[in-house]
Amino acid sequence: MASADMFPNVSFSDVNAAASQEAAGKAVFGLDPASGAPRLSLVRPGAEQAFQIDLSDAQIFKLGLMEWLCVSGETEAKAGVEEKLFSRAIKVVLRTEAESKAFSLAFQRWKQQTISGKAGESLENGSIVACKSKFDTKIEASSAQMYFHYYGQLLHQQNMLQDFVRTGTYYAAVMENRADFEGKVVVDVGAGSGILSLFAAQAGAKHVYAVEASEMVEHAQRLISGNPSFGQRITIIKGKVEEVELPEKADILISEPMGTLLVNERMLESYVIARDRFLAPDGKMFPTTGRIHMAPFSDEYLYVEMANKSLFWQQHNFFGVDLTPLHGSAFDGYFSQPVVDAFDPRLLISQSTHHTLDFTSMKEEDLYEIDIPLSFVSSVGTRVHGLACWFDVLFNGRWLTTAPGSPTTHWYQLRCVLAQPLYVMAGQEITGRLHLVAHSAQSYTIYLTMSAKMWGVGAEPDGILQTSTAKLELKEPYYRLSQPQAYMPQDQQQLPLSSLQAQGSGQQMQDGLSPGITVEQERDSAAFTR
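Residues numbered from 1 in each chain as written. Predicted model: local features only at pLDDT ≥ 70, side-chain atom pairs only at ≥ 80, totals over all residues. Heavy atoms only, no water.

The name an unreviewed UniProt entry gives the chain is Probable histone-arginine methyltransferase CARM1, with Triticum aestivum as the organism. According to its UniProt record, the chain has this under Catalytic activity (unreviewed entry): "L-arginyl-[protein] + 2 S-adenosyl-L-methionine = N(omega),N(omega)-dimethyl-L-arginyl-[protein] + 2 S-adenosyl-L-homocysteine + 2 H(+)". Listed in UniProt under the heading Function (unreviewed entry), the comment for the chain reads: "Methylates (mono- and asymmetric dimethylation) the guanidino nitrogens of arginyl residues in several proteins involved in DNA packaging, transcription regulation, and mRNA stability. Recruited to promoters upon gene activation, methylates histone H3 and activates transcription via chromatin remodeling." (UniProt positions renumbered as here; feature names shortened; annotations may be inferred.)

So, in structure tokens, the structure goes:
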């Protein structure tokens, strides 16, 4: 039993018992000696066993920062028939938040070793039901089916290939680092059309294993066969990186695992798993690092547009029906959608900050929850309408950026709009938190909090804290790509909503023609323009 899966100081109690008392002891994850099934043992000092929890049908629920409820099925024999009668619930309390998180991860890790049916049970045809892969245990089957169907279509692959910022940067990153690829074994994670595998072969790779789970493998095979000078060194493998086996370790791992806000679609987790499974100890990754950038923004046009969407529900006589009871829910629903578009960087009211993800060293579990503290200083007096986000990734010496003002990519940028804006003065601090929580639909729920101190008449000497919060679903954004992207100077930001609506938004911004927001990003973006 590995020490990481034993927690020597816990307390636990049987919720089902009428007079249950918490007992101190230890929690041990392991395999049942008789059945070989994963189990959780809760042991009191001086007692052989207190509770045995079969992880094959157990679930875990978070009650607090350090409290968990473990629920499993209980059975009782009746007339020779095993019949489930009730569930047993055991409350487990850890000492620290760190131990609490480790306990949850250990529970999920051991549970994933459970096979469908009873451990080792033979079926009628003599076969054994295979274990679910890590991908299948954490992702809904319906979401995975839609995901692989989407990327199995050529029109979507074409959309990505025609993103010349994306494709050109990958090509330049590979060709500029030929020394890393020549004579080496490469694994292309989520190969899609096979374009990155072909780039690696062009750079002199000895052999490339292109791993792809969707039906795109058929198109990729034809594309690779049609380029025999490179294709003879490429092997296409259909399957998920969590499941397939390769005949040798890789010297290079290459992938395009980025989604909206970098983490959408949760493919970064598969990239990290592929690193642990396939990459040699001294191997290299392309890309190696990702950064999520954030800055507060002010955009009255966008705010009015979002708010006006719910005006439909303010009708008191819609074919004789009063729709107003649903207006509040509709208003909240529109503001729960992150906005995906390309915006003018002059809408940002502060220097940006960033959160770094090191793909070469991070754990897969680090992507389950991403907690980012926010701290900015406003450069102007205005209304803060939310948080703007974008990302970049680093190859060996080359950045691929999706920053506002840089050449536009198919990722665009993302903005989280607050239903209740904040008022700030120039030089005022804006604080908060961006909390991303992964879910089984291959995306994240976004929890945003932004705060500022209120100044002026009626404020206390130290200021009154204004706080605005938002809960947004990254999987269901508002794609505003066809909308005008007008910029309004800061001295016009405080016009009444009616004036803003009267002005309209006729000025169409030319995507990708504004200068980069930093010298570094502008230089790196321009380097691959073709």
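So, next bit.
Caption draft 1: Summary view of the side chain of Arg39. Here Arg39 shows up in strand E3 (residues 38–43). In terms of polar contacts, Arg39 uses its side chain to reach the side chain of Ser41, at 3.5 Å. A distance of 3.3 Å separates a polar atom in the side chain of Arg39 from a polar atom in the side chain of Gln52. (Helix = DSSP H or I, 4+ residues; strand = E, 2+ residues; numbered from the N terminus. Polar contact = N/O pair within 3.5 Å; in protein donor to acceptor, adjacent residues only side chain to side chain.)

Caption draft 2: Geometry of the sheet that holds strand E8 (residues 185–189). Sheet architecture is open: five strands sit in the order E10-E9-E8-E11-E12, paired in parallel fashion. At either end of the open sheet lies a strand with only one pairing partner, and these are strand E10 (234–238) and strand E12 (279–286). Across the sheet, the mean angle separating the axes of adjacent strands is 25 degrees when strand polarity is ignored. Two elements, E8 and strand E11 (residues 250–255), share four bridges in a ladder whose sense is parallel. Directly across from Val186, in E11, lies its bridge partner Ile252. Where helix H7 (residues 195–202) meets the sheet, its contacts fall on E8, strand E9 (207–212), E10 and E11, and the angle it forms with E9 comes to roughly 175 degrees. Against the sheet, helix H10 (residues 267–278) touches E8, E11 and E12, its axis set at about 150 degrees to E12. (Pairing = 2+ DSSP bridges. Axes fitted to C-alpha atoms, helices over the stretch in contact; angles between N-to-C directions. Contact = heavy atoms within 4.5 Å.)

Caption draft 3: How the structure looks around the pattern of salt bridges. For the coordinates displayed, the defined rule picks out 22 salt bridges. Ionic pairing is found between Lys91 and Glu67, a salt bridge with its closest N-O pair at 3.8 Å. With Lys91 in strand E7 (residues 81–93) and Glu67 in strand E6 (residues 67–78), this residue pair connects regions lying 24 residues apart in the sequence. Owing to a relative accessible area of 28%, Glu67 belongs among the partly exposed residues under this scheme. One salt bridge in this structure joins Arg95 and Glu99, with 2.7 Å as the shortest N-O distance. (Salt bridge = Lys/Arg side-chain N within 4 Å of Asp/Glu carboxyl O. Buried < 20%, exposed > 50% of the residue type's maximum accessible area, 1.4 Å probe, protein only.)

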